[in-house]
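# Summary of the model geometry
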Amino acid sequence: MSRIHVLSPQLANQIAAGEVVERPSSVVKELLENALDAGARRIELDIEGGGLKLIRLSDDGSGIARDDLPLSLSRHATSKIQSLDDLEAVATLGFRGEALASISSVSRLVLTSREISADTAFKVSAEGRDMLPAVAPAAHPVGTSVEVRDLFFNTPARRKFLRTEKTEFAHIEEVVKRQALSRFDVGFVLRHNQRVVHQLPPAVSPVEQERRIGQLCGAQFMQNAILIEHEASGLKLHGWVALPAFSRSQADLQYFFVNQRVIRDKLVAHAIKQAYRDVLYHGRHPAFVLYLALDPGVVDVNVHPTKHEVRFRDGRLVHDFIFRSLHRALAEVRPQDTLSGSTGASLVASTDAGSTPAAMAQSPLQLSVATDTGEPFRTLGLPVTPSAGMIRDQIRGYGALHPEVTAASVASRAPQDQPSAEESEMPPLGFAIAQLHGIYVLAQNSLGLVLVDMHAAHERITYERLKKAYYARAMSVQPLLVPLSLTVSAREAALAEEHNEALTTLGLLVERIGPELLLIRQIPAMLSQSDVAKLVRDVLADLFVLGSSDRLEARVNELLATMACHGSVRANRQLTLAEMNRLLRDMEVTERSGQCNHGRPTWTQLSMAELDKLFLRGR
Ligand code: ADP
Ligand code: MG
């Protein structure tokens, strides 16, 4: 082995560059961060050849003093922190003082800058040399331009790992997108091969901000997003999350910012995933743009050279805060919210009265209708609950509401289904007019036609009721007059015995009376009309998959979902109009009613405008 020697600065920088500069987009990220740290309000980026040929960033920030220019390119040189204390609560995006040094060691770099107080600009250039670069006068307005040419020209191994120009540019665009989403107050221009790809003026008002998000994430996202704003225990979360129906096949529309820093964090990802768990179709990914603000002192940003990761001092608190904020917001979405947009003033009130344990006990299937014809509309006309009102204000939906259309104008409904005068306001999901092939309920509301997947919708309603009752420990049960004996496998019988207590909390009283024989004595009242034998078998099958009882506790929702499926109307069951209206009213007051337990949509709207379009009818 040869003797120990100190690496040359050049080599040290190139080694460090291995961590910081993975590909052209990493250069763009570092340059953008520097410009933002310098207080830039306008940033222009010119890219050529996917960033391999040229990356040029110009900003109108504070600039660099002449004498500091050579230093800016050397390693461990920064103007952003002085001491370890500064690092504790660092507010700038950069602080490691190694980006420019690293970049200049693997490219041909020219930095031109003019300080506000200076009357000329100066430039330095570096081409992977060891010595301090020479400073020369130059022409440049106040601010800084960094030109990076021929990236990795001296590190061929790195170059080999790069993809096509198109792919590399896509990475760059993504980086720019993230910064543009984190700093609405800054204007961005991005050009590739002289063609403008993004031109984003500063976005001050909420409308401008939403326009920018629409431009970067697609108008569809914005139309399907709920605005979130929540603050508690020193944490503030705001931003937009897409309704579950607007899920994606890939996790490609997920932006999370912590104190304006773009991060990818396992803890955060888990909290969000959990919030969507109950409403997202299996294998789909939620879409969101979220901003978390908290005291910089309680988050460590110096965890990774690319600063993509952070560490929270109280991870549990942050996790639960994010989970709870999103979970609540998603739960509170009601049909009327997606229909109404911000014009919600005249919306029909919603209430939870229909889903209290007491109400559940009244009618096991919740579709049975009292002889009183007013019954289906009983939940209307009650005062707006604060939660419904609040969430409505927060929703940016779409479509206009036409409050002038009243139930009285609804055609083809039997007279006995007409609501009385004071109840004649049109509910959000309207009134049922028919059932299609025993699967869909058709209803007319103020916007046009509503189509409901009857089973999916009822499954969600039953599921939410079961959950509510289970967690309130108010599961109302129904003893079977004649206990049902059920022949099962020895293993299933053993499972029933082992998990007896858990089954009891689920409302199932099951007794093992033989090696392969169970006796079912009681079931949840809500499921009294379901096939009891099949219900118990399915729950036992779940137990078999779930295994131990702590996992059981964690996945009780899955058991409840299985049970809900049994308690819900099956396809091909004929419903009366009153039963259908009951279902619509229940949907309006049920949490997460837009999706069934598996995340599939439960209803959709075909507006008059859409119908007119179908029939080429000008209106
Ligand atoms: P860091 O950002 O971690 O401090 P860099 O190597 O990225 O390290 O930059 C070194 C220094 O150069 C910065 O601390 C800053 O003072 C200066 N600098 C770099 N880019 C700019 C810019 N666009 N405008 C003003 N100053 C800049
Ligand atoms: Mg930097």
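Residues numbered from 1 in each chain as written. Chains lettered and ligands numbered in written order. Predicted model: local features only at pLDDT ≥ 70, side-chain atom pairs only at ≥ 80, totals over all residues. Heavy atoms only, no water.

Here the focus is the site of ligand 1. Asn34, Thr78, Ser79, Lys80 and Gly97 are the nearest of the 19 residues found near ligand 1. A distance of 3.2 Å separates an oxygen atom of ligand 1 from a polar atom in the backbone of Ala99. One of the backbone nitrogen or oxygen atoms of Leu100 is found 2.9 Å away from an oxygen atom of ligand 1. Here ligand 1 has 530 Å² of accessible area as a free molecule, and 93% of this is covered by the chains. (Near = heavy atom within 4 Å. Polar contact = N/O pair within 3.5 Å; in protein donor to acceptor, adjacent residues only side chain to side chain. Areas by Shrake-Rupley, 256 points an atom, 1.4 Å probe, with all protein chains shown as cover.)

For the rest of this paragraph, the subject is the packing of helix α2 (residues 24-37) against helix α7 (residues 165-182). Two measures define how a pair of helices packs: the angle their axes make with one another and the distance between the axes. Contact geometry for α2 and α7: axes closest at 8 Å, N-to-C directions at 25°. One element, α2, and the other, α7, form an angle in the roughly parallel class. α7 is crossed by α2, and the crossing has right-handed handedness. Contact residues: Pro24, Ser25, Val28, Lys29, Leu32, Glu33 and Leu36 in α2; Glu168, His171, Ile172, Val175, Val176 and Gln179 in α7. Grouping the constituent residues of the contact of α2 with α7 by class yields 7 nonpolar, 3 polar and 3 charged. (Axes fitted to C-alpha atoms, helices over the stretch in contact; angles between N-to-C directions. Helix = DSSP H or I, 4+ residues; strand = E, 2+ residues; numbered from the N terminus. Parallel < 35°, antiparallel > 145°, perpendicular 65-115°, else oblique. Left-handed = near helix turned anticlockwise from the far one by under 90°. Contact = heavy atoms within 4.5 Å. Nonpolar A, V, L, I, M, F, W, Y, C, P; charged D, E, K, R; others polar.)

Turning to the sheet that holds strand β17 (residues 440-444), a few remarks are in order. As a general point, the strands of a sheet are linked pairwise by backbone hydrogen bonds and lie either parallel or antiparallel. Spatial ordering of the open sheet is given by β16-β17-β18-β22, a layout of 4 strands whose pairing is antiparallel. Looking at which strands have only one partner, the edges of the open sheet turn out to be β16 (431-436) and β22 (603-607). The average angle at which neighbouring strand axes cross in this sheet is 25°, direction not considered. As paired elements, β16 and β17 share 5 bridges and run antiparallel to each other. Paired with Ala434 across the strands is Leu442, a residue of β17. On the sheet, helix α15 (residues 454-471) packs against β16, β17 and β18 (448-453) and is oriented at approximately 70° with respect to β18. Here helix α21 (residues 577-589) sits on the sheet in contact with β16, β17, β18 and β22, set at roughly 115° to β16. (Pairing = 2+ DSSP bridges.)

On to the pattern of salt bridges. Think of it this way: side chains of opposite charge can pair up when their charged atoms draw near. Per the stated rule, a full pass over the model turns up 30 salt bridges. Across the pair Lys80 and Asp37 runs a salt bridge whose closest N-O atoms are separated by 2.9 Å. In this pair, Lys80 is assigned in the loop between α3 (69-72) and α4 (84-88) and Asp37 in helix α2, connecting sequence segments 43 residues apart. Classification of Lys80 as partly exposed rests on a relative accessible area of 26%. Here Glu44 ties to Arg42 by a salt bridge, and the two come within 3.4 Å at their closest N and O atoms. Take Glu44: its relative accessible area is 27%, and that puts it in the partly exposed class. (Salt bridge = Lys/Arg side-chain N within 4 Å of Asp/Glu carboxyl O. Buried < 20%, exposed > 50% of the residue type's maximum accessible area, 1.4 Å probe, protein only.)

Glancing now at the pairing of strand β21 (residues 517-524). Burial within β21 is extensive, with 6 of its 8 residues counted as buried. Pairing between strand β19 (residues 477-487) and β21: 7 bridges, direction antiparallel. Bridge assignment links Pro479 to a residue of β21, and that residue is Gln522. Taken together, the 5 bridges between strand β20 (residues 509-514) and β21 define a ladder with antiparallel strand orientation. Residue pairing across strands places Gly514 opposite Leu517, the latter belonging to β21. Counting the residues that bridge the hairpin from β20 to β21 gives 2 residues.

Attention now moves to helix α1 (residues 9-20). Here α1 contains 12 residues, and its C-alpha end-to-end distance of 16 Å stays within 8% of the 16 Å for a straight helix at 1.5 Å per residue. Those residues of α1 that sit buried are Gln10, Ala12, Asn13, Ala16, Ala17 and Val20. Looking straight down α1, one finds that the buried residues subtend no more than 155° of arc, so they occupy a single side. For α1, the secondary structure elements touched by its buried residues are α2, α5 (99-105) and α6 (156-160). (Expected span 1.5 Å × (residues − 1). Arc of directions from axis to C-beta.)

A few words on unusual backbone geometry. In the Ramachandran plot, Gln194 falls in the positive-phi region, its phi being about 70° despite a non-glycine side chain. With respect to the helices and strands, the residue Gln194 is situated in the loop between β7 (187-192) and β8 (195-200). In this structure Gln194 comes out as exposed when scored by relative accessible area, which is 63%.

On the surface, a nonpolar cluster with roughly 260 Å² of combined accessible area is contributed by Leu7, Leu11 and Ile15. Secondary-structure assignment places Leu7 in the segment before α1. Taking the relative accessible area as the measure of exposure, Leu7 reaches 41% and is therefore partly exposed. (Patch = residues over 30% accessible without salt bridge, like charges linked within 9 Å, V, L, I, M, F, W, Y side chains within 5 Å.)

What follows deals with α15. Relative to the 26 Å expected for 18 residues at 1.5 Å per residue, α15 spans 26 Å between its end C-alpha atoms, a close match to the ideal helical length. Where burial is concerned, most of α15 is hidden: 16 out of the 18 residues are buried. At the N-terminal boundary of α15, the capping side chain belongs to Asp453, with an oxygen 3.3 Å from the backbone nitrogen of His455.

Turning our eyes to something else, we now look at the packing of α15 against helix α20 (residues 556-566). Where α15 contacts α20, the two axes come as close as 8 Å, and the packing angle between them is 135°. One way to sum up the angle between α15 and α20 is to call them oblique. Here the hand of the crossing between α15 and α20 comes out right-handed. Counted together, His455, Glu459, Thr462, Tyr463, Leu466, Lys467, Tyr470 and Tyr471 of α15 and Val556, Asn557, Leu560, Ala561, Met563, Ala564 and Cys565 of α20 form the full contact between these two elements. Its residues assigned to classes, the contact of α15 with α20 shows 10 nonpolar, 3 polar and 2 charged.

So, on to the sheet that holds β8. Pairing in this open sheet of 8 strands is mixed, and the strands run β5-β4-β3-β6-β2-β1-β7-β8 from one edge to the other. In this open sheet, the two edge strands, each paired with only one partner strand, are β5 (135-138) and β8. Looking at each pair of strands side by side, their axes are set apart by 15° on average, direction ignored. With 6 bridges joining them, strand β2 (residues 54-59) and strand β6 (residues 143-149) adopt antiparallel strand pairing. By the bridge assignment, Leu54 is partnered in β6 with Arg149. Together, β1 (42-48), β7 and β8 form the strand contacts of α7, whose direction differs from that of β7 by roughly 175°. The sheet contacts of helix α8 (residues 206-217) involve β7 and β8, and relative to β8 the element is tilted by about 150°.

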